[in-house]
Amino acid sequence: MNQLNKGKAKYSSVWVLALLVLSVTLYYNAVGYQRFYFHSFLTADTVPVRPAAGGDSARKANESSEPLAIRKGPDTTIVVKTDTFGFRSSRDSLDAPVTYHADDSMVMDIPAKKILLYGKETRVNYLDNKLVSPRIEFDQRTNLVKAYLIKDSNGNVINFPKFNQADFKTQSDSIWFNMKTGKGLTKGTYMQQGEIFVIGERIKKVDANTFYALRGKFTTCNLDTPHFAFVSKKIKFINKKMAITGPVHPEFEDVPIPVVLPFGIYPLSQGRHSGILAPTFNANEQLGLALDGLGYYKVLNDKWDVILRGTLYSYGGWTANISPRYFKRYKYQGNLALDIQHLRDLDKSGARNFNIRWAHSSDMKARPGVSFNASVNAGSSGFNSSVPNSPQRNFQNILNSSITYSKIWKDKPFNVNISANHNQNTNTKQYNINLPGVTFNVNTLYPFRRKEVIGSYKWYENIGIALNTDVRALSSFYDTLGSFLKTFADNYKWGASHGVPLTLSLPPLGYFQLSPQVSYTEKWYHEKFRLNWNPVDRKLDTAVSRGFYTAREMNFGLGASTRIFGLFTFGKKSPVKAVRHEIRPQVSVSYKPDMNARSWYSTQVDTFGNIRSFSVYDRSVFGAFGAGKFGGLSFGIDNNLQMKVRNRKDTSADAVKKVTLIDGFSITSSYNFLEKAFKLAPFRIDMRTNLFDKISISANAVVVPYLTDSRGEFIDKLIWNKKILALGKMTSGSIAMQTSFRGGDKSEKLPNTTPALNQVNPVTGMPLDEYQQEAAYIRNNPGEFANFNIPWSISMSYSFNYNRIPNGLGTGYKGSITQNVTWAGTLNLTPKWQIGINGSYDISNKDLGLISMYLTREMHCWQMAINVSPVGKYRSFNISISPKSGLLRDLRINRTRFFYDL
């Protein structure tokens, strides 16, 4: 009864307090104070201020004149002064609040100041510390958080404790962590540092960046029981910097390998850092054993770095490479590479060669309208053929270089391009250097157009004129003739070409599109070259005269074109719905006066009395204008053939798909009414198609419609005089076919087997970084990085070329045929074994090209590959077992041998 009375008294006190608060609130609202000022009067001292004159009467006036609901602010007769006070926090208090969640239940032991949380995904968060565990215990007196794993009745683990702090992530059997000091101790821990997985019997965390492991393992295999690991009793980790161990030994499938190192230092840092580049060991039949690729990487500053590499051979040879690179964001980037060879074989004979490469590109955003780019690859003619253990590089015999500067003026109709180019054949040792090349173009201008246009343009306002100027200087020579600079200067020549086209855009005339045109071209030359038959010595003599010479040419023409469509439909039950045929005929009338008759001459060329016509400008940079005048027709016809068939993948009634049968089939030629002989020009025939999106076919041919004499020379008699159905004699032609088939998921990609000859990014011009170099290694060694998701694949290509050439005896002509076939294929023998082959065969010469076969084995975190090239001039085999991780790509077992046919 007393307890009941006490309860009633308690509730009565509460009601009294509530009524008091309500009364005070109503009072302040009545005297003009809003609710959001109420807290000020509970936490502040108030000091009365003497009211101004008429204050009471003014206040009453305001009260009577303004409704209560719109009165604003407290009474200005009150001055608010806030009290200031301080407090001392407890020594065992934390720096931030702790948030927690329990899936199952929470137990609070108030006398012991402990909290116990239960549940599969129980969580505790404090600052950047995140803990997830099926059981968590927090001791407020010691600030210790303890987490343990829990097993079900069958002994299976329900969940492991997981702890995350910044980049420190662990999974353990048990965790002890001090939330105040940040130190902790874990048992049976599994954690990840970048690509490295660490397994430790015990791990002690001493601060945010340092922790120690007792009887630990580190590996790149992500399994609970890794396939391999490096084992050490004591390991120290410095986050994102390095790992340091005592005596360490490798272990495979929990079997120790008796190879012990006294200590180990393992870098864990990201980004660019100077350091030694590890070499590889290989052998070469001519040069001996090699310590290949030993080098040093140096970071010079934020914009520059450099790679130094070298290779030493047991027979006394060596190679050296220096590769600086530079990069400035939004400005430019590039790299320079210099290679030097000094090789010796068993006979103490060898070669000294060099090769230089430079790649540079500018960002268009740095200077809009201006660009500067360079791609240089030049060096000794014998460099590529002397590169050891690189059959692909040995076969590369063409070197090219290009340096260009271009500028486009804003809001101006002209632009300029300045370039320097280089071409080098390492087999013939011939150089072709274009230095400089300048092109200046003025876009089409319309001089008759009005500044202010009302309505459409008049026909004459569409007359446009443009200018295309090309100035070029070049030198062609062989590097066996002595001094490079002297030979370059002796063979230096220049020329220029100026073109002024006049155009007129006309609206369609019914179904036809008309296009008139007029063009003027002028060329400048610096020499004349003439051949004369010497009957005494029975040979051709040459005469060269240098100076400044010009030649010009004009063309007038009118062209017309149209499009014709035809459609053939089939019955409703036919799988073929329709066939669509498009014909695109075109014809043009043109006239070209003979403005260069004086530059052409005829002379005897051999002892058989054969006469040939030549121009005195044949050896010039831009070549000579054609001989004679032209007045005639140019005509051609192009065809496209498509078919609509029922789409079997779509069940709707009107579901059809287009199948292209012929992308294009064209025939072009011309007829010159003013020519004395051979008025009808040869026919040019082209065909291209992609049958069923599987077989790509392209073909072309040149057919001459004239008869030949007994020596195979064409005579001025059309072939239809004897053979009505014949088109003529084919002088050249080619056919190319390519196809590929594969099984499995079509979205999977095959390895790219194209060799990377230069370790340079072709887009940015920068040297390949470590990951790009790994990708280049994949391209060169497809067997080590096979795609096992593709059960099989096969691809083939075939090329056929025909040319009608002199037989070399002066008595006629013969046909020259070349045929080549290439192939590549892969086959999964089992889900973990794959075999592949690629190669080529020269059918004409009955010669096998470079054949490469590989056998590879998928081993989860490792991969084994056997690459064999059994035939050809360069033969080799390679056996490699290596981890997949890029961090340990240099840790591989490798055996390579190369064989050469000298």
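Computed from a predicted model, the values in this text were never measured in an experiment.

1. Things to note about the overall build of the protein chain
Reasoning step 1: In terms of regular secondary structure, the protein chain is built from 7 helices and 54 strands.
Reasoning step 2: Partitioning the contacts of the protein chain with sequence separation of at least 6, the portion at a separation of at least 24 is 50%.
Reasoning step 3: Summed over its atoms, the accessible surface of the protein chain is roughly 55,100 Å², and 59% of this surface lies on carbon and sulfur atoms.

2. So, the environment of S599
Reasoning step 1: Relative to the helices and strands, S599 is located in the loop between β37 (576-592) and β38 (600-604).
Reasoning step 2: Contacts of S599, omitting those with residues within four sequence positions, involve F614, S615, V616 and Y617.
Reasoning step 3: Polar contacts involving the side chain of S599 include one to the main-chain carbonyl oxygen of N596, which spans 2.8 Å.

3. Digging into a positive patch on the surface
Reasoning step 1: A contiguous patch of positive charge, built from K717, K722, K723 and K729, is present on the exposed surface.
Reasoning step 2: Secondary-structure assignment places K722 in the loop between β45 (714-718) and β46 (729-742).

4. Overview of the environment of T189
Reasoning step 1: On the secondary structure map, T189 appears in strand β13 (residues 184-193).
Reasoning step 2: With a relative accessible area of 1%, T189 lands in the buried category.
Reasoning step 3: For the pair T189 and S172, spaced 17 residues apart in the sequence, the C-alpha separation amounts to 4.1 Å.
Reasoning step 4: Discounting chain neighbours no more than four positions away, the residues touching T189 are T170, Q171, S172, V198, I199, G200 and I203.
Reasoning step 5: Among the polar contacts made by the side chain of T189, one reaches the side chain of T186 at a distance of 2.4 Å.

5. A look at the pattern of salt bridges
Two side chains of opposite charge can pair, provided their charged atoms sit close to one another.
Reasoning step 1: A full pass over the atoms with the stated rule returns 22 salt bridges.
Reasoning step 2: Where R450 meets E461, a salt bridge forms, and the shortest distance between an N and an O atom there is 2.8 Å. Of this pair, R450 sits in the loop between β31 (430-445) and β32 (463-478) while E461 sits in the loop between β31 and β32, and the two are 11 residues apart along the sequence.
Reasoning step 3: By relative accessible area, R450 is classed as partly exposed at 33%.
Reasoning step 4: Classification of E461 by relative accessible area gives buried; the value is 1%.
Reasoning step 5: Across the pair R584 and D638 runs a salt bridge whose closest N-O atoms are separated by 3.0 Å. Linking R584 in strand β37 with D638 in strand β40 (residues 630-646), this pair joins segments that are 54 residues apart in sequence.

6. Some details on the pairing of strand β51 (residues 852-859)
It is a general feature of regular strands that their side chains alternate between the two faces of the sheet.
Reasoning step 1: Taking every second residue as pointing to the same face, the buried face of β51 carries S852, Y854, T856 and E858, while none of M853, L855, R857 and M859 on the other face is buried.
Reasoning step 2: The sheet contact formed by β51 and strand β52 (residues 862-869) spans 7 bridges and is antiparallel. Bridge pairing in β52 places R857 opposite M864.
Reasoning step 3: Joining the antiparallel neighbours β51 and β52 is a turn of 2 residues, in which H860 adopts a positive phi near 65 degrees.

7. A look at the side chain of H422
Reasoning step 1: Counting through the fold element by element, H422 comes out in strand β30 (residues 414-425).
Reasoning step 2: There is a polar contact of 3.2 Å between the side chain of H422 and the side chain of Q424.
Reasoning step 3: Residues in contact with H422, not counting those within four places in the same chain, are N377, A378, L399, N400, S401, Y431, N432 and I433.

8. A few points about the packing of aromatic side chains
Reasoning step 1: In the structure shown here, the tally under the stated rule is 25 aromatic pairs.
Reasoning step 2: With 5.2 Å between their ring centres and 90 degrees between their planes, F228 and W862 make a pair best called edge-to-face. Of the two residues, F228 sits in strand β16 (residues 228-238) while W862 sits in strand β52, which places them 634 residues apart along the sequence.
Reasoning step 3: Ring geometry for F568 and F570: centres 5.1 Å apart, planes at 85 degrees, overall edge-to-face.
Reasoning step 4: Here F568 falls in the exposed class, since its relative accessible area comes to 53%.

9. Section: unusual backbone geometry
Reasoning step 1: Backbone torsion omega between L435 and P436 reads -5 degrees, so that peptide bond is classified as cis.
Reasoning step 2: Structurally, P436 can be placed in strand β31.
Reasoning step 3: The backbone of E253 shows a phi angle near 50 degrees, a positive value even though the residue is not glycine.
Reasoning step 4: With respect to the secondary-structure elements, E253 resides in the loop between β18 (248-252) and β19 (255-256).
Reasoning step 5: Using a relative accessible area of 53% as the deciding quantity, one classes E253 as exposed.
Reasoning step 6: Of note in this structure, D411 is not a glycine but carries a positive phi near 60 degrees.
Reasoning step 7: Relative to the helices and strands, D411 resides in the loop between β29 (398-408) and β30.
Reasoning step 8: Overall, D411 belongs to the exposed group, its relative accessible area being 72%.

10. Considerations on the state of the cysteines
Reasoning step 1: Across all of its chains, the model carries 0 disulfides by this definition.
Reasoning step 2: Not engaged in a disulfide, the cysteine C861 finds its nearest cysteine sulfur in C221; these two sulfurs lie 3.6 Å apart.

11. Structural notes on a nonpolar patch on the surface
Reasoning step 1: On the surface, a nonpolar cluster with roughly 1,000 Å² of combined accessible area is contributed by I276, L294, Y296, L308, L312, W318, I322, L336, L338, I340, F354 and I356.
Reasoning step 2: For the nonpolar patch, the elements supplying multiple residues, two or more each, are β23 (288-299), β24 (304-313), β25 (318-328), β26 (332-344) and β27 (350-362).
Reasoning step 3: Looking at the nonpolar patch, the element that brings in the most residues is β26, giving 3 residues.

12. Considerations on the nonpolar core
Within soluble globular proteins, side chains that are nonpolar tend to cluster in buried spots.
Reasoning step 1: Of all hydrophobic cores here, the largest spans 19 residues; its most connected members are M191, V198, F218, F228 and F237.
Reasoning step 2: In terms of residue count, β16 provides more of this core than any other element does, 4 residues in total.

13. Section: the pairing of strand β6 (residues 129-139)
Reasoning step 1: β6 sits mainly inside the fold: 9 of its 11 residues count as buried.
Reasoning step 2: Sheet topology places strand β5 (residues 114-126) next to β6; 10 bridges connect them, and they run antiparallel. Across the sheet, the residue bridging to I115 is F138, located in β6.
Reasoning step 3: Connecting β5 to the next strand, β6, in antiparallel fashion are 2 residues, including L127 with a positive phi near 55 degrees.
Reasoning step 4: In the sheet, β6 pairs with strand β10 (residues 162-165) via 4 bridges, with the strands oriented antiparallel. Note on β10: the bridge partner recorded for L131 is F163.
Reasoning step 5: Summarising the sheet, β6 and strand β7 (residues 144-148) pair through 5 bridges and their orientation is antiparallel. By the bridge assignment for β7, R135 is matched with Y148.
Reasoning step 6: The turn linking β6 back onto β7 is made up of 4 residues, and N143 within it adopts a positive phi angle of 60 degrees.

14. A closer look at the environment of S669
Reasoning step 1: For S669, the position within the fold is in strand β41 (residues 656-672).
Reasoning step 2: Take S669: its relative accessible area is 9%, and that puts it in the buried class.
Reasoning step 3: Each C-alpha atom, one on S669 and one on I637, is 9.7 Å from the other, the two residues being 32 residues apart in sequence.
Reasoning step 4: Setting aside residues no more than four positions away along its own chain, S669 makes contact with L633, S634, F635, L680, A681, P682 and F683.
Reasoning step 5: Polar contacts involving the side chain of S669 include one to the main-chain carbonyl oxygen of A681, which spans 2.8 Å.

15. Notes on the confidence of the model for the protein chain
When pLDDT is low, close inspection of the predicted coordinates is not appropriate.
Reasoning step 1: Looking at the protein chain as a whole, its pLDDT mean stands at 80, while 82% of the residues score no less than 70.
Reasoning step 2: Averaged pLDDT values for the elements of the protein chain fall to 36 in helix α2 (residues 38-43) and rise to 93 in strand β43 (residues 695-704).
Reasoning step 3: This model gives residues 24-74 a pLDDT under 50, and the stretch forms 38 contacts once residues within four places in sequence are excluded.
Reasoning step 4: Contacts of residues 752-772 to residues separated by more than four positions or lying in other chains number 48 contacts, the stretch itself having pLDDT below 50.

Calculation notes
- Residues numbered from 1 in each chain as written.
- Predicted model: local features only at pLDDT ≥ 70, side-chain atom pairs only at ≥ 80, totals over all residues.
- Heavy atoms only, no water.
- Helix = DSSP H or I, 4+ residues; strand = E, 2+ residues; numbered from the N terminus.
- Contact = heavy atoms within 4.5 Å.
- Areas by Shrake-Rupley, 256 points an atom, 1.4 Å probe, with all protein chains shown as cover.
- Polar contact = N/O pair within 3.5 Å; in protein donor to acceptor, adjacent residues only side chain to side chain.
- Patch = residues over 30% accessible without salt bridge, like charges linked within 9 Å, V, L, I, M, F, W, Y side chains within 5 Å.
- Salt bridge = Lys/Arg side-chain N within 4 Å of Asp/Glu carboxyl O.
- Lys, Arg positive; Asp, Glu negative; His and termini not counted.
- Charge placed at Lys NZ, Arg CZ, Asp CG, Glu CD.
- Buried < 20%, exposed > 50% of the residue type's maximum accessible area, 1.4 Å probe, protein only.
- Pairing = 2+ DSSP bridges.
- Phe/Tyr/Trp six-rings, centres within 6.5 Å; stacked < 30°, edge-to-face > 60°.
- Disulfide = S-S within 2.5 Å.
- Core = buried A, V, L, I, M, F, W, Y, C linked by side-chain atoms within 4.5 Å.
- pLDDT = per-residue confidence, 0-100.

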